[in-house]
Amino acid sequence: MTDTDYWTSAPDRTLRGSMGLCHLTVVQPPFDVDARTLPPQAPERAREFAASFEAVEKVLEDLGPRSVLTPLPSSVRADLGVVHAAGWGGMLSIVTPAFATDGNDEPLRSAATSLRERFPDARIVGRVTYYGGMEHTEDLVWLPDGAMFHACGWPGDEPFVVTGDPRAVIASLELKGWQLDNAGVDLRESANEVAWAPLAGLALGPSDPWGWEELETTAFRVRHSEDSVQNMEALYFV
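First, a word on scope: everything that follows refers to the structure included in this document. Here the structure is a predicted model, which means the values were calculated and not measured.

Right, let's get into the overall build of the chain. A tally of helices and strands in the chain yields 6 helices and 9 strands. The C-alpha radius of gyration of the chain comes to 17 Å, within 12% of the 18 Å expected for a compact globule of 238 residues. With respect to the three principal axes, the spread of C-alpha positions in the chain is 50 × 40 × 30 Å. Looking at the 238 residues of the chain, the share that counts as buried comes to 50%. In the chain, once contacts between residues fewer than 6 apart in sequence are set aside, the share between residues at least 24 apart is 72%. Roughly 10700 Å² of accessible area belongs to the chain as shown, and the carbon and sulfur atoms make up 49% of that amount.

Shown next, in the form of structure tokens:
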């Protein structure tokens, strides 16, 4: 199978950047399910979810199961055609290199906006970190009652932009001060110093699947859309 459509870089060209977190997760009620009790991963639901994203033009190949702790490959250009997706009962998630950004666009927020229309009763949580000389992050929480925040920028540096209302998110989730303290979240700090990814993790609560080795996703090779490929080429290569 091939994913060479739209790429100008050779499949074996070395990437200059890499990914840390790059998850977008949809959690439908109830929101207090222990992640360790989630149903087994459903590969067909995962495939359908991956194929539903605007950035994915076609799912080409099922590459088999992966632990949620398995990072996306990020050595050569061909690796950018691999995504991980999952369907665990009322939870759907995707991990894709197309969510990475250096601030020129907001792919996570764009994808979350589409999901908000499809899943009005869900919590939508995204956490993305891209390493390209410096660290760039994009984190998002969007709740069924409309409370949301989106934080995007260079931690410890500028520019860093926060939209929405993180305090409204905290209030809606009924998070306690000790929970914020334990996660290292202090909104009194400058926006580029706040631990946004842990705050997003608190929105997933006990349902957060991303720390349990026994939970699995499915890896797929996909053909990304032309716009997505252009963005990734500009990001991952000098």
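Looking at where Asp-79 falls in the secondary structure, it is placed in the loop between β2 (56–67) and β3 (82–88). Apart from the residues lying within four places of it in its own chain, the contact partners of Asp-79 are Pro-73 and Ser-74.

Grouped burial of nonpolar side chains is what soluble globular proteins tend to show. Ranked by size, the top nonpolar core spans 72 residues in total, and within it Leu-24, Phe-53 and Tyr-236 carry the most contacts. In this view, Tyr-236 contacts Leu-15, Arg-16, Gly-17, Met-19, Leu-80, Pro-97, Ala-100 and Tyr-130; residues no more than four positions away in its chain are not counted.

Most of strand β5 (residues 123–132) sits inside the fold, with 8 of its 10 residues counted as buried. Where β5 and strand β6 (residues 134–142) come together, 9 bridges link them in antiparallel fashion. Of the residues in β6, the one forming a bridge with Thr-129 is Thr-137. What sits between the antiparallel neighbours β5 and β6 is a turn of 1 residue, in which Gly-133 has the positive phi angle 90°.

Criteria and cut-off values
Residues numbered from 1 in each chain as written. Predicted model: local features only at pLDDT ≥ 70, side-chain atom pairs only at ≥ 80, totals over all residues. Heavy atoms only, no water. Helix = DSSP H or I, 4+ residues; strand = E, 2+ residues; numbered from the N terminus. Rg over C-alpha atoms; globule rule 2.2 N^0.38 Å. Buried < 20%, exposed > 50% of the residue type's maximum accessible area, 1.4 Å probe, protein only. Contact = heavy atoms within 4.5 Å. Areas by Shrake-Rupley, 256 points an atom, 1.4 Å probe, with all protein chains shown as cover. Core = buried A, V, L, I, M, F, W, Y, C linked by side-chain atoms within 4.5 Å. Pairing = 2+ DSSP bridges.

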